[in-house]
Amino acid sequence: MRLFLIRHGHTKIVNGEAILSKEGISQSKELTKKLRKIDFDKVYTSDLERSKNTAKEYSDTFIEDNRLREVYRVLVGGPEKEGTSSNREFEDKKRADEFFQEILKENGNILVFCHGNIIRYFLNKILKSKENLWENLISDNCSVSIIEKNEKELFIRGINLKGDFEENIKNFNNVYLE
């Protein structure tokens, strides 16, 4: 199973909500050209507009899942934000872990449109790093990070990929972490 994690396109704030900017729409269209070279068995997206609209450039058929919403930045080493609910970290971790465990039961190529911190969080399920991923792990808009599962283990096939990523991943050495 290969899990393709896509960060949504560039955003702008309109009436307090992050929506795709013109640049984000353009990024999403470019990404779609590359994604069409791969057959996906399922497509998931966060229920937030910026993620859904990035996914819609690829397909109108996807599974919307609110567990793919952004996670609190503290989970990936970021600073606390004043006014954040005291149980936010626990609740975000719980929903993200639930989705991750569920998706690992899937087979084939799975495409997931979501957000930067949840991508960092999923990657760190394999990396098990104590580093500050908030600052040290980049997830650019419309980049692709790939987690692969074989019969025995999970490994990272690529992080923050752009360009012709399908060709690139064939040339990567596997990063196995136990």
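Preceding this section is the structure that the text describes.
Residues numbered from 1 in each chain as written. Predicted model: local features only at pLDDT ≥ 70, side-chain atom pairs only at ≥ 80, totals over all residues. Heavy atoms only, no water.

Caption draft 1: Main features of helix 2 (residues 49-58). Buried within helix 2 we find R50, S51, K52, T54, A55 and Y58. Where helix 2 is buried, its residues meet strand 2 (11-14), strand 3 (17-20), helix 1 (22-35), strand 4 (42-45), strand 5 (63-64) and strand 6 (109-114). (Buried < 20%, exposed > 50% of the residue type's maximum accessible area, 1.4 Å probe, protein only. Helix = DSSP H or I, 4+ residues; strand = E, 2+ residues; numbered from the N terminus. Contact = heavy atoms within 4.5 Å.)

Caption draft 2: Broad picture of the nonpolar core. One finds L3, L68, V112, F122 and I147 to be the most contacted residues of the largest nonpolar core, which totals 27 residues. If you list the elements that add at least two residues to this core, you get strand 1 (2-7), helix 3 (88-103), strand 6, helix 4 (116-127) and strand 8 (154-161). If one sorts the elements of this core by residue count, helix 4 sits on top with six residues. For L68, the residues in contact, after removing those within four places along its chain, are Y44, T45, S46, R95, F99, V112, C114, H115, I118 and F122. I6, F40, A55 and I146 belong to the second-largest nonpolar core, a separate cluster that totals 16 residues. (Core = buried A, V, L, I, M, F, W, Y, C linked by side-chain atoms within 4.5 Å.)

Caption draft 3: Quick peek at the packing of aromatic side chains. If you walk through the whole model with that rule in mind, you get seven aromatic pairs. Ring centres of Y44 and F99 lie 5.5 Å apart, and the angle between their planes is 85°; this geometry places the pair in the edge-to-face category. Taken as a pair, Y44 in strand 4 and F99 in helix 3 lie far apart in primary sequence, 55 residues in all. Here the two residues Y44 and F99 agree in accessibility, since each one is buried. Where Y121 meets F122, the ring centres are 6.4 Å apart and the plane angle is 50°; that geometry is what we call tilted. (Phe/Tyr/Trp six-rings, centres within 6.5 Å; stacked < 30°, edge-to-face > 60°.)

Caption draft 4: Inspection of helix 4 at higher detail. With twelve residues, helix 4 extends 16 Å from end C-alpha to end C-alpha; this agrees with the ideal 16 Å at 1.5 Å per step. Buried residues dominate helix 4, accounting for ten of its twelve residues. Within the sequence span of helix 4, burial applies to G116, N117, I118, I119, R120, Y121, F122, L123, N124 and I126. The secondary structure elements touched by the buried residues of helix 4 are strand 1, helix 3, strand 6, helix 5 (133-136), strand 7 (144-149) and strand 8. Just downstream of helix 4, K128 is the residue with a positive phi angle, here 55°. (Expected span 1.5 Å × (residues − 1).)

Caption draft 5: Structural detail: the pattern of salt bridges. As enumerated under the stated definition, the model contains 15 salt bridges in all. Note that K33 and E30 form a salt bridge whose closest N and O atoms lie 2.9 Å from each other. Separated by three residues within a single helix, K33 and E30 lie in helix 1, roughly one turn from each other. Under the relative-accessibility criterion, K33 is labelled exposed at 54%. Here D97 ties to K125 by a salt bridge, and the two come within 2.9 Å at their closest N and O atoms. (Salt bridge = Lys/Arg side-chain N within 4 Å of Asp/Glu carboxyl O.)

Caption draft 6: Molecular detail of the side chain of S59. By the element assignment, S59 lies in the loop between helix 2 and strand 5. The exposure class of S59 is buried, given its relative accessible area of 18%. Among the polar contacts listed, one links the side chain of S59 to the backbone nitrogen of T61, at a separation of 2.9 Å. (Polar contact = N/O pair within 3.5 Å; in protein donor to acceptor, adjacent residues only side chain to side chain.)

Caption draft 7: Here's a closer look at the packing of helix 3 against helix 4. Between helix 3 and helix 4, the least distance of the axes is 11 Å, while the angle of their chain directions is 60°. The orientation of helix 3 with respect to helix 4, classified from their angle, is oblique. Helix 4 is crossed by helix 3, and the crossing has right-handed handedness. Here K93, R95, A96, D97, F99 and F100 of helix 3 come into contact with helix 4, specifically with I118, Y121, F122 and K125. A breakdown of the residues in the contact of helix 3 with helix 4 according to their chemical character gives six nonpolar, no polar and four charged. (Axes fitted to C-alpha atoms, helices over the stretch in contact; angles between N-to-C directions. Parallel < 35°, antiparallel > 145°, perpendicular 65-115°, else oblique. Left-handed = near helix turned anticlockwise from the far one by under 90°. Nonpolar A, V, L, I, M, F, W, Y, C, P; charged D, E, K, R; others polar.)

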